[in-house]
Amino acid sequence: MTTLTLTELYTSADGRASFRDRPVDLAEGSPVARLSALQASGGWQFRHSPVGFASDFHCTTTPQWLVVLQGRMEIGLRDGSARVFGPGECFYSNDTLPAGVSFDPALHGHRSRLLGDEPLVTLFVRA
């Protein structure tokens, strides 16, 4: 394998949150342990969300990787589509508001919620 395909949640040209696949080159390391290039980060945080957690629609304030460590998380978009991420899965959360635009709750952002009866534990790594 020379690339990983990971999910990116981003703001499309019309200002709406959308999903797309993002290839990550694995050009470093060795044939038995392929690595991506080392990327800088702006810090990291763990989050624990209790059973029943659900957010309103919101935008990401700072682009970041989100890694699910425990539980299952659904990310829903305004168009009704959703993706579910479980332990060991990640996505790049990059659906920020365009410069100079105020949040419109009928247009912008995504929602997130915990699925199931197990708390959600996530790791955020800022880009």
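Structure shown above.
Since this is a predicted model, take the numbers as computed values, not measurements.

Undergrad: Residues and numbers for the overall build of the chain, please.
TA: Looking only at helices and strands, the chain features 0 helices and 11 strands. The order of α-helices and β-strands along the chain, N terminus first, is β-β-β-β-β-β-β-β-β-β-β. Relative to its length of 127 residues, the chain is compact, with a C-alpha radius of gyration of 15 Å against a globular reference of 14 Å. Expressed as lengths along the three principal axes of its C-alpha atoms, the size of the chain is roughly 50 × 35 × 25 Å. Residue pairs in contact within the chain that sit at least 24 positions apart in sequence constitute 66% of those at least 6 positions apart. Looking at the chain as shown, the accessible area adds up to about 7,500 Å², and 53% of this sits on carbon and sulfur atoms. Positive and negative side-chain charges in the chain, numbering 11 and 13 respectively, have mean positions lying 1 Å apart.

Cut-offs used in this document
Residues numbered from 1 in each chain as written. Predicted model: local features only at pLDDT ≥ 70, side-chain atom pairs only at ≥ 80, totals over all residues. Heavy atoms only, no water. Helix = DSSP H or I, 4+ residues; strand = E, 2+ residues; numbered from the N terminus. Rg over C-alpha atoms; globule rule 2.2 N^0.38 Å. Contact = heavy atoms within 4.5 Å. Areas by Shrake-Rupley, 256 points an atom, 1.4 Å probe, with all protein chains shown as cover. Lys, Arg positive; Asp, Glu negative; His and termini not counted. Charge placed at Lys NZ, Arg CZ, Asp CG, Glu CD.

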